Amino acid sequence: MAASPLAGARVVLGVTGGIAAYKSVELLRRLTEAGAEVEVVLTESATRFVAPLTFTALSGRTAQTDLFGSSDPIPHTRLGQWADLVVVAPATANLLGRLASGLADDLLTNVLLATRAPVVVACAMHTEMWEQPSVQRNLETLRRDGHRCIDPEKGRLAGGDEGLGRMAEPVTIVEVCEDVLSGGDRDLAGCRIVVTAGGTREPIDPVRFVGNRSTGKMGHTVAEEASRRGAQVVLVTTQPDSAPAGVETVPVETAEEMAREVLERFADVDAVVMAAAVADFRPAETAAGKLKKQDGPPSIVLEPTTDILAELGRTKARQILVGFAAETERVPEAGVAKVEAKNLDLLVANLVGVDDSGFGTDTNRAWLCRPGRDAESLGLTTKAAIATAICDDLAEASKGHPAGEWSSSTR
Ligand code: CTP
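Here is what the cut-offs are and how they apply
Residues numbered from 1 in each chain as written. Predicted model: local features only at pLDDT ≥ 70, side-chain atom pairs only at ≥ 80, totals over all residues. Heavy atoms only, no water. Helix = DSSP H or I, 4+ residues; strand = E, 2+ residues; numbered from the N terminus. Rg over C-alpha atoms; globule rule 2.2 N^0.38 Å. Buried < 20%, exposed > 50% of the residue type's maximum accessible area, 1.4 Å probe, protein only. Contact = heavy atoms within 4.5 Å. Areas by Shrake-Rupley, 256 points an atom, 1.4 Å probe, with all protein chains shown as cover. Lys, Arg positive; Asp, Glu negative; His and termini not counted. Charge placed at Lys NZ, Arg CZ, Asp CG, Glu CD. Pairing = 2+ DSSP bridges. Axes fitted to C-alpha atoms, helices over the stretch in contact; angles between N-to-C directions. Near = heavy atom within 4 Å. Polar contact = N/O pair within 3.5 Å; in protein donor to acceptor, adjacent residues only side chain to side chain. Nonpolar A, V, L, I, M, F, W, Y, C, P; charged D, E, K, R; others polar. Core = buried A, V, L, I, M, F, W, Y, C linked by side-chain atoms within 4.5 Å. Salt bridge = Lys/Arg side-chain N within 4 Å of Asp/Glu carboxyl O.

Asker: How would you explain the overall build of the chain if you had to name every residue and give the values?
Answerer: Of regular secondary structure, the chain possesses 14 helices and 19 strands. Computed over its C-alpha atoms, the radius of gyration of the chain comes to 23 Å, within 12% of the 22 Å expected for a compact globule of 411 residues. The C-alpha extent of the chain, read off along each of the three principal axes, is 75 × 55 × 40 Å. Of all 411 residues assigned to the chain, the portion counted as buried reaches 51%. Residue pairs at least 24 apart in sequence account for 66% of intrachain contacts in the chain once pairs closer than 6 positions are excluded. Element-wise, carbon and sulfur atoms account for 50% of the exposed surface of the chain, whose accessible area totals about 18900 Å². Of the side-chain charges in the chain, 42 are positive and 57 negative, and the distance between the mean point of each set is 1 Å.

Asker: I'd love a proper account of the sheet that holds strand β19 (residues 376–382), names of residues and values included.
Answerer: Backbone hydrogen bonds hold the strands of a sheet together, and the pairing may be parallel or antiparallel. Read from one edge of the open sheet, eight strands run β12-β11-β8-β13-β16-β17-β18-β19, paired in mixed fashion. Among the strands making up the open sheet, the edge pair consists of β12 (248–251) and β19. Looking at each pair of strands side by side, their axes are set apart by 20° on average, direction ignored. Taken together, the six bridges between strand β18 (residues 363–369) and β19 define a ladder with antiparallel strand orientation. Bridge pairing links W367 to S377 in β19. Together, β13 (271–274) and β16 (320–327) form the strand contacts of helix α12 (residues 308–315), whose direction differs from that of β16 by roughly 150°.

Asker: Residues and numbers for the site of the ligand, please.
Answerer: Among the 16 residues in the neighbourhood of the ligand, the closest are listed as M274, A276, L309, F324 and K342. The separation between an oxygen atom of the ligand and a polar main-chain atom of A276 is 2.7 Å. One of the backbone nitrogen or oxygen atoms of A326 is found 3.3 Å away from an oxygen atom of the ligand. A total of four residues in the shell around the ligand trace back to one element, the largest contributor, which is β16. Tallied by class, residues from the shell around the ligand come to nine nonpolar, three polar and four charged.

Asker: Which residues make up helix α11 (residues 255–265), and what are the values?
Answerer: Those residues of α11 lying buried are A255, M258, A259, E261, V262 and R265. The inward-facing, buried residues of α11 contact β8 (192–197), β9 (202–203), β11 (232–237), β12, β13 and α12.

Asker: Can you tell me about the nonpolar core, naming the residues and giving the values?
Answerer: Residues V11, L31, V40, F55 and I173 are the most contacted members of the largest nonpolar core, which totals 34 residues. Broken down by secondary-structure element, the contributors of at least two residues to this core are β1 (10–15), α1 (21–33), β2 (37–42), β3 (85–91), β4 (119–123) and α9 (170–181). Sequence-distant contacts of V11, defined by excluding residues within four places in its chain, comprise L6, L31, A36, E37, V38, E39, W82, L85 and V87. One finds V195, A231, A243 and A389 within the second-largest nonpolar core, a separate group that totals 32 residues.

Asker: Describe the sheet that holds β4, naming the residues involved and giving the relevant values.
Answerer: With parallel pairing, five strands are arranged side by side in an open sheet as β2-β1-β3-β4-β5. This sheet does not close on itself; its edge strands, each paired only once, are β2 and β5 (148–150). Shown here is a sheet whose adjacent strand axes are inclined to one another by a mean of 20°, direction ignored. This element, helix α5 (residues 93–101), spans β3 and β4 of the sheet and lies at about 150° to β4.

Asker: Outline the pairing of β16, supporting the account with residue identities and numerical values.
Answerer: When you tally the buried positions in β16, you get seven out of eight residues, the bulk of the element. Judged from the four bridges that link them, β13 and β16 form a sheet pairing that is parallel. By the bridge assignment for β16, V273 is matched with V322. As paired elements, β16 and strand β17 (residues 346–351) share six bridges and run parallel to each other. Counterpart to A326 in the pairing with β17 is N350.

Asker: How would you sum up the pattern of salt bridges? Please name residues and give values.
Answerer: If you walk through the whole model with that rule in mind, you get 32 salt bridges. D270 is the partner of R318 in a salt bridge, and the nearest nitrogen-oxygen pair spans 3.4 Å. Note that R318 is positioned in the loop between α12 and β16 and D270 in the loop between α11 and β13, a separation of 48 residues in sequence. By relative accessible area, D270 is classed as buried at 0%. Between E376 and R370 there is a salt bridge; the shortest N-O distance is 2.8 Å. For R370, a relative accessible area of 10% gives the class buried. Salt bridges sharing common partners tie together D187, E225, R228, R229 and D392.

If you want it as structure tokens, here you go:
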């Protein structure tokens, strides 16, 4: 087994005042077990949840809490310059706000300003706080500044409430830290990318829908790979529960919701990867009440949805557009035709309807189709390899173009 990138790494673990602070003890244990040297910095309110002594005993180094109180006259610059990585877990709404604004009013925020090391923040707070526009704005700023933000998960919260807000599990945070530390190939740093994933569900009545077999695996793999390579990714998915950690996720159900979330972001992004299986048609009407068996077989009239990718192709300026096509025959020819028809930069054409390729499998028989060129066969390949190929094309397109100034015309 390859050594963890945490082996020998110098890590500052920042702990802020949330109930999830108790999980930071396990995080510290996992970081040290992976071979990291860890210095712990607690905010004043974190010490109300867990005693510094617990961290000191586990790390073998005195946990720090005070900018002025220790024998070290300038602990923040010492720690900031020493660190290979700073991870804040849990990160409260207050910490996110201070970090996003460049404020430094305690030891931890001073360390965060005094470091050039990558920063990972594992957010944790009550659902209402998480959903505040101000908090989401701060998060957006932090992501734009290159920090790696791990969204909270759904689960039990302080006071017995249930909902989105619980800090990601320590094992997930460790994985993200390893990923950040091993990120030599951050060739998508500064790129803003929207990725769609999963099959849309078009409601017939309050309990039934028209759907498809997509599991979201392909789109989630692209989102994870692009994020690992430094892109700022927004994942618009119908399968948020299996979304990769550390990627901003927007849950949607229908083609209309997906179209809205993608189109409203389009002007501000460098690329869109449409891996979702979007319904081409939806029921023209959704019954307000559940359809009853005794009323006999219903006839469901369908109407077309917006073809999101075609709409993006019609209106794109500098953005790179990547589409997918599921075909049962003449795959490369159909793929090349769709590239032209939808004004795309890349289309991954997949064979469907066989056992080893298509929905829910780990492998695909795929072709890469680009404008004005013959399709490139990838043979029987993995979804991870397809994600890598897509990100390679995106990185190639971004070369020589500062973030936000891509131009497909120079490709
Ligand atoms: N797509 C989309 N909006 C839709 C339908 C599809 O953005 N309403 C996108 C998919 O995400 C995919 C691409 O279009 O990236 C190709 O979809 P596909 O269904 O394979 O092809 P279509 O162009 O819809 O043509 P057909 O189904 O007739 O093969």
